Amino acid sequence: MMDLSAALRWQPPANWARIRTLDLHTAGEPLRLVIDGYPALAGRSVLERRRDALAHHDWARRVLMFEPRGHVDMYGCILTAPATADADFGVLFTHNEGYSAMCGHGIIAVTTALLELGMVPANKAIDGLRIDTPAGRVTAFADFDGERVARVRFHNVASFVAARDAVVDVPGLGTIRYDLVYGGGFYAYVDAADVGLTLEPASTPQLIAAGTAIKQAVVASRPVRHPTEADLGFLYGTIFVGPPTNPAHHSRNVCIFAEGEVDRSPTGTGVSGRCALHVARGDVALGESMVIESILGTTFAVRAVDAVDFGGYPAIIPEVEGKAYVCGRNEFLVDPEDPLAHGFLLR
């Protein structure tokens, strides 16, 4: 008989990098939360740390996001020290292309992990976890079912409509109408019917192709500027909107972001932008909740809890609600002699 316990006793060589993570999913979308081994990031603000990660430590992102340890649709989170005086901690989110500005499903997953695993006291769920993100301050709250986190809701950064009813010529698709909206990241919102697609798993390859083409066309056709931070002035993705499967829900979102990633959740920043758009149109009132489906049929609820001015734009503060689950705990190793140590991607 082989001694299987030897694998548990084995220790890797001292010169191998080791990164430990906790894996979760929120409404189906993965979140690989780093709990040990990520390089220390320099910078006072989270945006400065984001620049440092890209310039000096991007190998670690590739190790965690890319094959053979991850996949093209993997998503991650690095916890950092707070960047403001009254924050509890900071976060930096990662994906196949780089580092995002904000991530709603990630906030829900991180909050669930910190509370359920006892990394922060449960009373923080009542007072609110104050989280510094590259896009600004986010505050998360949780409801409990016994010792388990039943739901997490968070107040997102100010969300606003940058352009309504814009049009762009897209090779292979023709003239496409879109709305450019910011919900922690900029998205081009497109009616799925306008590109002849349904928002179902079977349509995933066509959604990736159309979403990527629309994103590239919009980027080529106009500047995308954030009112206060130049680093946040980029188009993160395309969100296709369509009817829900469940008639009790408002609608369905499918987000194609970064380098053709498909969000399995309804997209926390995406539903924030949707809420801002519907409030601007006058068909959703402040405080009125919308339940939005993902490509899997999982849901987030979103409502506007306040109306504010942000950099000259009429904006809202969205509250997004969803649920996350812990699904794994990993230790990843990097053998310096491995020619594929820092990963690769094949779709």
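Procedures and definitions
Along every chain, residues carry numbers that run from 1 in the direction the sequence is written. The model is predicted, so local features are restricted to residues of pLDDT at least 70 and side-chain atom pairs to those at 80 or more, both for listing and for counting; the totals for chains, interfaces and linings are taken over all residues. Excluding hydrogens and water, the side-chain values take into account all heavy atoms of the structure. UniProt positions are given in the numbering used here, feature names are shortened, and annotations may be inferred rather than shown by experiment. Helix and strand labels come from DSSP, where a helix needs a run of H or I of at least four residues and a strand needs a run of E of at least two; each type is numbered from the N terminus. Exposure categories follow from relative accessible area, calculated using a 1.4 Å probe and restricted to protein chains: below 20% of the type maximum is buried, above 50% is exposed, and the middle band is partly exposed. Definition of a polar contact: a pair of N or O atoms within 3.5 Å, with one able to donate and the other able to accept a hydrogen when the atoms are protein atoms, and with sequence-neighbouring residues admitted only if both atoms are side-chain atoms. The criterion used for residue contact is that any of the two residues' heavy atoms lie within 4.5 Å. A pocket, in this scheme, is an open set of points on a 1 Å grid over the protein atoms alone with protein on both sides within 12 Å along at least 5 of 7 lines, while a cavity is a set where a 1.4 Å probe fits but cannot get out; residues line either one if an atom lies within 4 Å of a point. Grid points are joined across faces, edges and corners, and a volume is the space filled by probe spheres set on the points. Note on residue categories: nonpolar means Ala, Val, Leu, Ile, Met, Phe, Trp, Tyr, Cys or Pro, charged means Asp, Glu, Lys or Arg, and polar means any other residue, Gly included. When DSSP finds two or more bridges between two strands, those strands count as paired.

If you check an unreviewed UniProt entry, the chain appears there as Proline racemase family protein from Tahibacter amnicola. According to UniProt, the comment filed for the chain under the heading Sequence similarities (unreviewed entry) is "Belongs to the proline racemase family."

Describe the side chain of Thr 21, and please don't skip the residues or the numbers.
Considering the arrangement of structural elements, one finds Thr 21 in strand S1 (residues 17-26). According to the relative accessible area criterion, Thr 21 is buried, its value standing at 0%. Within the local environment of Thr 21, its side chain forms a polar contact with the side chain of Asp 23, the two groups lying 3.3 Å apart. Setting aside its immediate chain neighbours within four residues, Thr 21 contacts Arg 32, Leu 33, Val 34, Ile 35, Leu 64, Arg 329, Asn 330 and Phe 332.

I'd like a description of empty space enclosed by the protein, backed by residues and values.
For the coordinates displayed, the defined rule picks out 2 cavities of 30 Å³ or more. As a volume, the largest cavity reaches approximately 80 Å³. As a volume, the second largest cavity reaches approximately 40 Å³. The set of elements that each furnish at least two residues to the lining of the second largest cavity consists of strand S2 (29-36), helix H3 (58-65) and strand S3 (76-80). Each residue belonging to the lining of the second largest cavity can be placed in one class, and the counts come to 6 nonpolar, 2 polar and 2 charged.

An account of the pairing of strand S15 (residues 299-310) is requested, with residue identities and associated values reported.
Strand direction decides the pairing type here: strand S14 (residues 290-293) and S15, joined by 4 bridges, are antiparallel. Its bridge partner being in S15, Met 290 is matched across the sheet by Val 302. The loop that links S14 with its antiparallel partner S15 comprises 5 residues; one of these, Gly 297, has a positive phi angle of about 90°. Relative to strand S16 (residues 313-322), S15 runs antiparallel, the two being bridged by 9 bridges. Its bridge partner being in S16, Ala 301 is matched across the sheet by Glu 321. As consecutive antiparallel partners, S15 and S16 are separated by 2 residues, and within that stretch Gly 311 has a phi angle of approximately 60°, a positive value.

Quick rundown of the environment of Phe 234? Include the residues and the values.
The residue Phe 234 is located in the loop between helix H6 (204-221) and strand S11 (235-242) in this model. What makes Phe 234 partly exposed here is its relative accessible area of 25%. Put simply, Phe 234 and His 155 are 79 residues apart on the chain and 22 Å apart in space, counted from C-alpha to C-alpha.

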